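So you can see what is in the structure, the chains are spelled out below.
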Amino acid sequence: MFFLLTALFSVQGQSKIGYASGSERYSEIGKEKVFLHHNSSMLFVGEYLYYSLYCLNDRTKNLSDISKIAYVELVGEKQNVVFKQKINLSDGLGEGDFFIPVSVPSGNYKLIAYTKWMKNWGIGDFYQSNLVILNPYTNAQKTFLSDALTQSADTTSQYSSKKPSTSNKINYLNIINLGTDKNVYRKREKVSLNLRSLRNNLIDMGNYSLSVRKVNELNNSSSSPIMPIGKVFEESSSQPIENMFFLPELRGNLVSGKIVAIDSSSIVKNQKVIFSVPEKNYQLRVVTTNERGEFYFSLDETYEGENGMFQVWGNNSEGFKILLDDETSIDYANLSFDKFRLEPAMKETIAKRSIHNQIENAYFSKKPDTIRTIEKQKVFSGENVVSYLLDDYTRFPTVKETFVEVVSDVWISEGKNSDEYAFTVRGVYSSDYQTAYKPLIIVDGIVLQDFKSLMDYGARKIKTVNVVRNKYVIGAQIFQGIIDIETFDNDFNLVMNNANVKTVVLDRPSAKKKYFKQVYTEEQIEDYSVIPDFRHQLLWQPNIQFEGESMEIEFYTSDVSGAFEITLEGYTLKGGEPVSLRKIIKVE
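Residues numbered from 1 in each chain as written. Predicted model: local features only at pLDDT ≥ 70, side-chain atom pairs only at ≥ 80, totals over all residues. Heavy atoms only, no water.

Chemist: How would you sum up the sheet that holds strand β14 (residues 253–261)? Please name residues and give values.
Modeler: Paired through backbone hydrogen bonds, the strands of a sheet run either parallel or antiparallel to each other. Spatially, the three strands line up as an open sheet ordered β17-β14-β19, and their pairing is antiparallel. Edge positions in the sheet fall to β17 (294–299) and β19 (320–324), since each of these pairs with one other strand and no more. Strand after strand, the sheet turns through a mean of 30° between neighbouring axes, direction not considered. Pairing analysis gives five bridges linking β14 to β19, with the strands arranged antiparallel. Following the sheet pairing, A261 is matched in β19 by F320. (Pairing = 2+ DSSP bridges. Helix = DSSP H or I, 4+ residues; strand = E, 2+ residues; numbered from the N terminus. Axes fitted to C-alpha atoms, helices over the stretch in contact; angles between N-to-C directions.)

Below you can see the structure in the form of structure tokens.
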């Protein structure tokens, strides 16, 4: 992938179009498609849409290692996008969820999933699934009533109030057997689910997602079962275009733009650009523009900051301005939607489910999901970093005094004007003394080129000063040392009005969660004895990985009776074979 990145795309100076034909790059990389396993094809406001995403490669016939970002959107019949989420992909796998607020109207929707690389083939190659959202807290149900007025009861409507089938469905290739300790359970009883390999030599079984949810009594439709990878691509009729506009996000979220001179519209080639995401464990990138003044940043790490900052680097940076590429919107005008028909017989079921949702949401604080945290190291860490925790020293009121009295091997000099300052970091070796390279100065993840704002900042607000004396290379730029400053409140705000600095709001990928799992053990049963349990979603596990010939999974039923469907979807690691299993259990 590294040689592919440098030879074909040359990310720091790549062109959007015309640098290689579509067929050439298609044969080198392969085409992608995605599949979503989502928990239901009909949801009420106040419920969660859960999904797992599988990204596939037609060249390897396995999970794709091309794209590191995928996109999931919910689109209404008026082409309105209810939500758009970025999903981090790891070896072709991703996951996410969306809480449907009461502001979402009743309607027929499409769940869309794709990667940026797939946009070169058009919307016909995107994953599409029908989704019905019912908002019972409003009288605006016209979209569901129109068909009832114009169609007779025996027309071929996609949905009806007919009870859905409770028979088991596909088990592709007899790879895994899905079984439970029994078929009928009491309320709040433990269910033991067993996944067993039907192949004695199958050790590494693959990646799967598991859902246990009450069978929908209003909607007889469910998401399509997963298909063999070869069949997925056989059904695609689109061909690769000759001039591909969208680059694959090979390393992470790809951000692009260009630099132009302020006094003209001329492009600026070979100009360095710094991009940073100010946060506690910030990200930092340096790239060089290509012949057309274009630049590309790839965010290949998880970031928590909400803003990104672009700066033109160098002495003449004030003569340039940064223009970021806008995300091109997708034309959803030709989407076709299935039609759900609301009928009087559904009234009691809708009322009961609405009450259950309200009660569950009222007790959400007792059953919370948690964010999976990822430990991240500081950008500059290790044995070559000298850290000064300033509270361990005598405090001085100004930044200049603090560096003179506390920080070794760094000095500050003043320019001809009273507001001009320069920092110098003493190198480790004697050959570094006469270097022409400047040090890199960072405060709370913000790269500084004008230091007056730092010199005017209250020194007692600074928590730590970290100094790196070695030469340091970031992207295309060499620095003689680094001064990394962290404040107590991370509140250092760099005010820049010049056009060569641009701050943008980042659309962060969705964080992975550890979903709440209700347990009624002897130790915990008393804690939940007075709390109602009206879960319709008994279990959601978006990424099951296991080795061996069998695996046991336990979950508990709720106070809701009826039929519940257990759904397992995924692919084996060896050969990318699909697994799609269904089993019905009953709660009385």
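Chemist: How would you explain the sheet that holds strand β31 (residues 550–556) if you had to name every residue and give the values?
Modeler: Strand order in the open sheet formed by three strands is β10-β12-β31, with antiparallel pairing between adjacent strands. Edge positions in the sheet fall to β10 (176–180) and β31, since each of these pairs with one other strand and no more. Ignoring which end each strand starts from, the neighbouring axes of this sheet average 20° apart.

Chemist: So what's going on with the environment of V519? Which residues, and what values?
Modeler: For V519, the position within the fold is in the loop between β29 (513–514) and β30 (537–547). Residue V519 is classed as partly exposed on the basis of its relative accessible area of 24%. Sequence-wise, V519 and E554 are 35 residues apart; in three dimensions their C-alpha atoms are separated by 9.1 Å. (Buried < 20%, exposed > 50% of the residue type's maximum accessible area, 1.4 Å probe, protein only.)

Chemist: Describe the packing of aromatic side chains, listing the residues and the values that go with them.
Modeler: Applying the stated criterion across every chain, the model contains 23 aromatic pairs. Where F295 meets F310, the ring centres are 6.0 Å apart and the plane angle is 45°; that geometry is what we call tilted. One end of the pair, F295, is in strand β17; the other, F310, is in strand β18 (residues 307–312), with 15 residues separating them in the sequence. Of the residues examined, F295 reaches a relative accessible area of 0% and is grouped as buried. Residue F310 is classed as buried on the basis of its relative accessible area, which comes to 0%. With centroids separated by 5.1 Å and ring planes inclined at 75°, the aromatic side chains of F423 and F451 adopt a geometry described as edge-to-face. Of this pair, F423 sits in strand β23 (residues 421–425) while F451 sits in the loop between β25 (446–448) and α7 (452–455), and the two are 28 residues apart along the sequence. (Phe/Tyr/Trp six-rings, centres within 6.5 Å; stacked < 30°, edge-to-face > 60°.)

Chemist: Describe in detail the nonpolar core, supporting the description with residues and values.
Modeler: In terms of nonpolar packing, the biggest core is built from 43 residues, with L36, L53, Y54, L56, V72 and Y571 touching the most fellow members. Residues within four places of L53 in sequence aside, it is in contact with V34, F35, L36, A70, V72, L89, G92, L93, G94 and A113. One finds M309, L390, F423 and V425 within the second-largest nonpolar core, a separate group that totals 28 residues. (Core = buried A, V, L, I, M, F, W, Y, C linked by side-chain atoms within 4.5 Å. Contact = heavy atoms within 4.5 Å.)

Chemist: A description of helix α5 (residues 347–362) should follow, citing residues and the corresponding values.
Modeler: Compared with the 22 Å implied by 1.5 Å per residue over 16 residues, the 23 Å span of α5 between its first and last C-alpha is a close match. Considered for burial, the residues of α5 that qualify are I350, R353, S354, H356, N357 and E360. In an axial view of α5, the angular spread of the buried residues amounts to 165°, which keeps them on one side of the axis. In α5, the exposed positions angled more than 90 degrees off the buried face are occupied by K347, E348 and A362. (Expected span 1.5 Å × (residues − 1). Arc of directions from axis to C-beta.)

Chemist: Can you break down the pairing of strand β27 (residues 477–487) residue by residue, with the values?
Modeler: In terms of residue burial, β27 counts as a mostly covered element, since 10 of its 11 residues are buried. Two elements, strand β24 (residues 440–443) and β27, share four bridges in a ladder whose sense is parallel. Residue pairing in the sheet places I442 in a bridge with D484 of β27. Where strand β26 (residues 462–474) and β27 come together, 10 bridges link them in antiparallel fashion. Paired with V465 across the bridge in β27 is I485. Where β26 folds back on β27, the antiparallel hairpin that results is connected by two residues, among which G475 adopts a positive phi of roughly 60°.

Chemist: Could you give an account of unusual backbone geometry, with specific residues and numbers?
Modeler: Even without glycine at this site, D91 takes up a positive phi of about 55°. Within the secondary structure, D91 is located in the loop between β6 (81–88) and β7 (93–99). Look at N270: it is not a glycine, yet its phi comes out positive at around 55°. Relative to the helices and strands, N270 resides in the loop between β14 and β15 (272–277).

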